[in-house]
Amino acid sequence: MFDHKKLKDFYHAVQEKSASYIGYPCASDFDYSELYPFLQYPLNNVGDPFLPSSSDLNSHVFEREVLSFFARLFKAPPDNWWGYVTNGGSEGNLYALYLARELYPDGMVYYSEATHYSAQKNISLLNMQSIVIRADEKGEMNYEDLKETIQSHRHQPAIIFANIGTTMTEARDDISKIQAVLKCYAIKNAYIHCDAALAGTYLSLSGFSGFDFEHGCDSIAISGHKFIGSPVPCGVILVKKQYRDRIGRSIPYIGTLDTTISGSRNAIAPLFLWYAIKNYGKKGLLKRAEESLANAAFLVRELNRIGVPAWRNENAITVIFPRPSSKICSKWSLATNENTAHVICMPGIKQQTLHMFLEDIANETKAGTHR
């Protein structure tokens, strides 16, 4: 007997939890109901999105439009870029490191201690050499430590894993300072990947760039379900096409090149991203970014007003503050790290929700409740 009650109970639980889900980066202001009819069909984006395939029940045409939008946004070289829609930022990071390893098999990966956990996992999967660089108190890479470390390994190609928004504090590593370190030691063989999972899209839309292809990155990964918003995790990886050409293999079974990490790929996710981009346009997406930044500024101001020492990095939508009680962390799904917690002011989070959160924090502060 089919358990309709279990599904209904789960739906109500999800509905309730989503109303207070403010500690993790998932936009919630989307409506893709117009796309629901496509869920009746076994769409599969297997293979390279830019090449024809004998497995042609796919959404490659929409995927290419999505990729072209981000290629323009991140100023990719017009005749030398390639990419695909991934299952999320971690897969994008894996793909970039994979290309870097194929370019420089003896390369050394440098990444800061504030980097997303996927970096170490991907480095282990690829069996690459790596060194962790210190980060400052706000989460940005310590460039003096990078300089001293690279000096000791200047005989090896340098593969830099740069954060454009760290997991906990949304700190951004400075590509120009990284390039200055590479130049200081005349490191000619180098690869810079930018993990811009959350911040990349809204920063570029808002004019706060400095990390795109024009500024020296070789690849960039973002998450689609974060700032854009999607009911399924997804992302985008963009790389220089000359690097992708090194790893492509012809697969007769699907009649195209194998150039991605996975075989079968989600064909609905590109439709979600395409729909959002077309629905909002750059102006609409920019408005969402401005609203998120304004909400972050509001939350910092109001937390400080009630005596909570909250702060955020420049042009960031992540607000950091001392870790509250377990009850509040659970109710509001707050991400924590030792003695700190954060709220991420994603699109879809209203000031009314933030007021309710502030009321809980204020009541706890007055009561002197501790973890």
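In this text the structure is predicted, and so the values were computed from the model without any measurement.

Some thoughts on helix H10 (residues 268-305)
- With 38 residues, H10 extends only 44 Å from end C-alpha to end C-alpha; this falls clearly short of the ideal 56 Å at 1.5 Å per step.
- Within H10, the axis deviates most sharply at Gly281, by approximately 90°.

Looking at the pairing of strand E12 (residues 340-344)
- Along E12, four of the five residues are buried, which leaves the element largely enclosed by surrounding structure.
- Bridge count between strand E10 (residues 318-322) and E12: five bridges; the pairing is antiparallel. By the bridge assignment for E12, Val319 is matched with Val343.
- Two elements, strand E11 (residues 335-337) and E12, share three bridges in a ladder whose sense is antiparallel. Bridge pairing in E12 places Ala335 opposite His342.

Considerations on the packing of aromatic side chains
- Under the definition given, this model contains 17 aromatic pairs.
- With a centroid separation of 5.6 Å and an interplanar angle of 80°, the aromatic rings of Phe50 and Trp81 are classed as edge-to-face. Taken together, the residues Phe50 in the loop between helix H1 (4-18) and helix H2 (60-73) and Trp81 in the loop between H2 and strand E1 (82-86) connect sequence positions 31 residues apart.
- Taken together through their ring pairs, the aromatic side chains of Phe30, Tyr32, Phe272 and Tyr275 make up a single cluster.
- The cationic tip of Arg288 hangs over the ring face of Phe227; the distance from NZ or CZ to the ring centre is 4.9 Å.
- For Arg288, the ring lying beneath its charged end belongs to Tyr280, and the centroid distance is 4.6 Å.

Examining the side chain of Thr115
- Structurally, the position occupied by Thr115 is in the loop between strand E2 (108-112) and helix H4 (118-125).
- For Thr115, a relative accessible area of 12% puts it in the buried group.
- A distance of 2.8 Å separates the side chain of Thr115 from the backbone oxygen of Ser112, its partner in a polar contact.
- Side-chain polar atoms of Thr115 contact the side chain of Asn163, separated by 2.9 Å.
- Apart from residues lying up to four places away in sequence, Thr115 is in contact with Phe161, Asn163 and Thr167.

Digging into the sheet that holds E11
- Strand order in the open sheet made by the three strands is E10-E12-E11, with antiparallel pairing throughout. Looking at which strands have only one partner, the edges of the open sheet turn out to be E10 and E11. Each strand axis lies, on average, 30° off the axis of its neighbour in the sheet, ignoring direction.
- In the packing of H10 onto the sheet, the strands contacted are E10 and E12, and the crossing angle to E10 comes to about 20°.

Looking at the packing of H10 against helix H12 (residues 351-367)
- Contact pair H10 / H12: the axes reach a minimum separation of 11 Å and the direction vectors enclose 20°. On the basis of their axis angle, the class for H10 and H12 is roughly parallel. The handedness of the crossing between H10 and H12 comes out as right-handed. Counting all contacts with H10, which are made through Asn295, Phe298, Leu299, Glu302 and Leu303, the residues of H12 involved are Gln351, Leu354, His355, Phe357, Leu358 and Ile361.
- Residues of the contact of H10 with H12, tallied by class, amount to seven nonpolar, three polar and one charged.

Observations regarding the pattern of salt bridges
- For the structure on display, the rule yields 11 salt bridges.
- A salt bridge links Asp9 to Lys5; the nearest nitrogen and oxygen atoms lie 2.6 Å apart. Here Lys5 and Asp9 lie together in helix H1, a separation of four residues that amounts to about one turn.
- Across the salt bridge formed by Lys331 and Asp360, the nearest N and O atoms sit 2.8 Å from each other. Remark: Asp360 occurs in helix H12 and Lys331 occurs in helix H11 (residues 326-331); sequence separation between them is 29 residues.
- Among the residues examined, Lys331 registers a relative accessible area of 43% and is labelled partly exposed.

About the criteria used
- Residues numbered from 1 in each chain as written.
- Predicted model: local features only at pLDDT ≥ 70, side-chain atom pairs only at ≥ 80, totals over all residues.
- Heavy atoms only, no water.
- Helix = DSSP H or I, 4+ residues; strand = E, 2+ residues; numbered from the N terminus.
- Expected span 1.5 Å × (residues − 1).
- Bend = angle between axes of the 7 residues up to and from the residue.
- Buried < 20%, exposed > 50% of the residue type's maximum accessible area, 1.4 Å probe, protein only.
- Pairing = 2+ DSSP bridges.
- Phe/Tyr/Trp six-rings, centres within 6.5 Å; stacked < 30°, edge-to-face > 60°.
- Lys NZ or Arg CZ within 6 Å of the ring centre and 35° of its normal.
- Polar contact = N/O pair within 3.5 Å; in protein donor to acceptor, adjacent residues only side chain to side chain.
- Contact = heavy atoms within 4.5 Å.
- Axes fitted to C-alpha atoms, helices over the stretch in contact; angles between N-to-C directions.
- Parallel < 35°, antiparallel > 145°, perpendicular 65-115°, else oblique.
- Left-handed = near helix turned anticlockwise from the far one by under 90°.
- Nonpolar A, V, L, I, M, F, W, Y, C, P; charged D, E, K, R; others polar.
- Salt bridge = Lys/Arg side-chain N within 4 Å of Asp/Glu carboxyl O.

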